[in-house]
Amino acid sequence: MLKKIIKIEKKVQAVYQRVSPSFYPKSKERINFKKNKAFLKNLFFNYLKIPLGYLENKSMLEFGSGTGEFSINYLLWKMKADLIELNPISIEKCKKYFKKFSKTKNFKIINKSIFTFKSKKKYDFVSSIGVIHHTNYEQAFNVKAKFLKKNGFMMLGIGNAAGMFQRNLQRYIIYFLSDNNEQNSYNLVKYLFPYFLRRAQKYGRRTLDSIIYDNFINPKDHHPTTKALLNLAKKNKLKLYSSWPPIIPTFLNNSAQNFNYDIDDYKNVLSINDIFSMIHNADDAKKLKFIEKKTYKDVQIFNDLTMLINNIGDKKLPSITSLSRKIDKMSKKKSLSFLDSTNDTKLNYSNFQMELVKLLEILKTKNIKKLRDFLKTTKVLFKGNAGIGMNYYMFHKY
Ligand SMILES: C[S@@+](CC[C@H](N)C(=O)[O-])C[C@H]1O[C@@H](n2cnc3c(N)ncnc32)[C@H](O)[C@@H]1O
C-alpha cells in the first residue's frame, strides 16, 4: 500500500516542483497576505466556531503547508507549529515568507511526507488545507488523527465529491480529449474553460499556470463523499464539530436538554447539503438577497402573530377578534411561502441534468468547437462558481 502511495506522491511532486500549486504573483504579496489573514480568521472563528484566543500556545501540526500563505496565521495566532511539507522548493519560499511577515521563531518546517513523518508527540490541533485529496486521503486522514491529542481538534480542508463534481467533470473532459498529452491538456483547458480560469484567478488570486497545473495536470484529485468522510471520522474516534458549508440541517428543533442522539449517525441527512454544493453557481449573498425580499412579508405576518400572544399579563389582553384576524392573515396569504425557497434549487438542478445529458452527447463526437459553443450557452453547468472547490471540517477527538 505504502509503495503505491509513494509512487503517486512522486508523480504529484513532479508536477508541483515544475509549477507550484500555491504560486501567488510577487506584486500581490502584501494584499494577499491581508486577504488570507481575513479569510483564515473568518474560517476558524465565524465558520468553524473556534475562538481565536483559544489557540494561543496550542500546538499545531500541519501537513502540506506549501509556501505558507495560510500557515503564517497559526504563527500570528501564537500557536506552536510543526509544518510537514514534501516540496523543498516550497519550504524555502515559506521560510522567506514567514521572515517577512512574522517575528516568531516558534515553528519548525520538516521536509517529510505525511506518510514518512515520525514523532511521539501528539498535538492540540492537526490541520491540512487542499492536500490530502492529492494522495490516498483515507490513509492521510488516519495519520492526521493519530497525531491528535484526546480532546484535540482536527481541521480538514478538502474538496468534496459533490462540490467538486463539476471540476472533476472538467478534468474528465480534458483527459478524454487530450490523448494523455500534457501540452494538449494545457491548451484545451484554456480553450474550453476561459471563464472558469478568469474567475479562479480573480478569486483564488493564483497565477494561471498554478491553477491549470494544480487542477488539471496534477495526476491525483480524489474527493470523499460526505458519508465516506463521516465514516473515516468515526473509525478514528472523531466527531464532527463544525463545517463550512454547514451540513447540519436547519430543521433540528430539539430542546437543548434533549441531546440523546448523535447527529454523526445520520449520514444521509448530513449529505443533503451536497445537492447545493453540486450546482452552486452564484454567491450566497445573491441567494440571500432574493430570499430576504421574498420572505419579508411572510415573516412579518408570522412575527405579528407570535408577538400578539406574547407578554400576556403585562399588556392589555388582545381580543379574540384580533387574534383570529392574524391567524386568518397567515392562512389567506398562503404565507410561510418561504418554506418553498428551495424551488430555485429544484429548477437549477433540472437544468443541470439536461445540460449534463447534452454535454455527453457532444463529447462523444469529440467536436471541440461544438463543445466550446455549447459550454457558452449553459445556464448552470460550469457557470459561476461551478460547485465548491473546498469544504472545511473541524473534527473533535473524543
Ligand atoms: C495544493 S497545495 C496546498 C498548500 C497549502 N496548504 C495551501 O493551502 O496553500 C498542496 C501541498 O501539499 C504538499 N503535499 C502533497 N502531498 C504531500 C504529502 N504526501 N506529504 C506532505 N506534503 C504533501 C504539496 O507539496 C503542496 O505544497
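Residues numbered from 1 in each chain as written. Predicted model: local features only at pLDDT ≥ 70, side-chain atom pairs only at ≥ 80, totals over all residues. Heavy atoms only, no water.

### A short note on the overall build of the chain
- Counting its regular elements, the chain contains 15 helices and seven strands.
- Dimensions along the principal axes, computed over C-alpha positions, put the chain at roughly 75 × 55 × 40 Å.
- Contacts in the chain between residues at least 24 apart in sequence constitute 76% of all its contacts with a sequence separation of at least 6.
- Accessible area of the chain: about 22,200 Å², with a carbon and sulfur share of 57%.
- If you average the places of the 74 positive and of the 31 negative side-chain charges in the chain, the two averages end up 3 Å apart. (Helix = DSSP H or I, 4+ residues; strand = E, 2+ residues; numbered from the N terminus. Contact = heavy atoms within 4.5 Å. Areas by Shrake-Rupley, 256 points an atom, 1.4 Å probe, with all protein chains shown as cover. Lys, Arg positive; Asp, Glu negative; His and termini not counted. Charge placed at Lys NZ, Arg CZ, Asp CG, Glu CD.)

### Concerning the domain arrangement of the chain
- Here the domain parsing of the chain yields domain 1 (2–163 + 221–280 + 388–397), domain 2 (284–340) and domain 3 (343–377).
- Averaged C-alpha coordinates put domain 2 and domain 3 at centres separated by 42 Å. (Domains from an automatic or database assignment.)

### A few points about the sheet that holds strand β6 (residues 238–244)
- The strand order across the open sheet formed by seven strands is β3-β2-β1-β4-β5-β7-β6, and the pairing between neighbours is mixed. If you trace the sheet from one side to the other, it starts and ends with β3 (107–110) and β6, each paired once. Strand-to-strand twist across the sheet, computed as the mean angle between neighbouring axes with direction ignored, equals 15°.
- As judged from the six bridges shared by strand β4 (residues 123–129) and strand β5 (residues 148–158), these two strands associate in the parallel manner. Counted as the bridge partner of Phe125 is Phe153 from β5. (Pairing = 2+ DSSP bridges. Axes fitted to C-alpha atoms, helices over the stretch in contact; angles between N-to-C directions.)

### Regarding unusual backbone geometry
- Here the residue pair Trp244 and Pro245 is connected by a cis peptide bond, since its omega of -5° sits within 30 degrees of zero.
- In this structure, Pro245 sits in the loop between β6 and α11 (274–278).
- Even without a glycine there, the phi angle at Asn311 is positive, about 60°.
- Residue placement: Asn311 occurs in the loop between α12 (284–308) and α13 (320–332).
- The exposure class of Asn311 is partly exposed, given its relative accessible area of 44%.
- Positive phi, normally seen in glycine, also occurs at Phe382, with a value near 60°.
- Among the structural elements, Phe382 can be located in the loop between α15 (368–377) and β7 (391–397). (Buried < 20%, exposed > 50% of the residue type's maximum accessible area, 1.4 Å probe, protein only.)

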